[in-house]
Amino acid sequence: MASTMSLEEIKNESVDLERIPIEEVFEQLKCTKDGLTSEEGEHRLQIFGHNKLEEKKANFFYFITTLQYSWKKI
């Protein structure tokens, strides 16, 4: 079994959680199948931030180029 990683290493994605057994995932993430306590959840929120996808702004140049390409086909 692999040694336990820190939460910072997990944040930096130096641990491949998809390729190890579920029991080891729980050990690496320092949690159980029942989840985290409220205190631990708050602590991890400070480390990892909110669980949301980053929004990317639309690239205006890409939009215009695509529009011109599409317009030429008409």
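These numbers come from a predicted model, not from an experiment.

How each quantity is defined
- Residues numbered from 1 in each chain as written.
- Predicted model: local features only at pLDDT ≥ 70, side-chain atom pairs only at ≥ 80, totals over all residues.
- Heavy atoms only, no water.
- Helix = DSSP H or I, 4+ residues; strand = E, 2+ residues; numbered from the N terminus.
- Buried < 20%, exposed > 50% of the residue type's maximum accessible area, 1.4 Å probe, protein only.
- Areas by Shrake-Rupley, 256 points an atom, 1.4 Å probe, with all protein chains shown as cover.
- Arc of directions from axis to C-beta.
- Salt bridge = Lys/Arg side-chain N within 4 Å of Asp/Glu carboxyl O.
- Patch = residues over 30% accessible without salt bridge, like charges linked within 9 Å, V, L, I, M, F, W, Y side chains within 5 Å.
- Polar contact = N/O pair within 3.5 Å; in protein donor to acceptor, adjacent residues only side chain to side chain.
- Contact = heavy atoms within 4.5 Å.

A few words on the overall build of the protein. Along its length, the protein carries four helices and zero strands. When the helices and strands of the protein are placed in sequence order, the string is α-α-α-α. Out of the 74 residues in the protein, the part that is buried amounts to 11%. Element-wise, carbon and sulfur atoms account for 56% of the exposed surface of the protein, whose accessible area totals about 7,200 Å².

The next thing to look at is helix α2 (residues 22–29). Of all the positions in α2, only Glu 24, Val 25 and Gln 28 are classed as buried. Summarising the axial view, the buried residues of α2 lie within an arc of 105°, below the 170-degree limit, and thus occupy one face. The exposed set on the far side of α2, more than 90 degrees from its buried face, consists of Ile 22 and Glu 23. Following α2 by one or two positions, Lys 30 adopts a phi angle in the positive range, close to 55°.

This part is about the pattern of salt bridges. Applying the stated criterion across every chain yields a total of one salt bridge. With a shortest N-O distance of 2.7 Å, Glu 40 and Arg 44 are connected by a salt bridge. Placement of the pair is Glu 40 and Arg 44 together in helix α3 (residues 38–48), with a separation of four residues, close to one helical turn. Classification of Arg 44 as buried rests on a relative accessible area of 11%.

Of note in this structure, Lys 30 is not a glycine but carries a positive phi near 55°. With respect to the helices, strands and loops of the structure, Lys 30 is situated in the loop between α2 and α3.

A contiguous nonpolar surface patch, about 360 Å² in accessible area, is contributed by Phe 60, Phe 63 and Leu 67. Looking at where Phe 60 falls in the secondary structure, it is placed in helix α4 (residues 60–73).

Here the side chain of Arg 44 touches Leu 29 through a polar contact of 2.5 Å, landing on its backbone oxygen. Among all residues touching Arg 44, those that are not within four sequence positions of it are Leu 7, Leu 29, Lys 30, Cys 31, Leu 36 and Gly 49.

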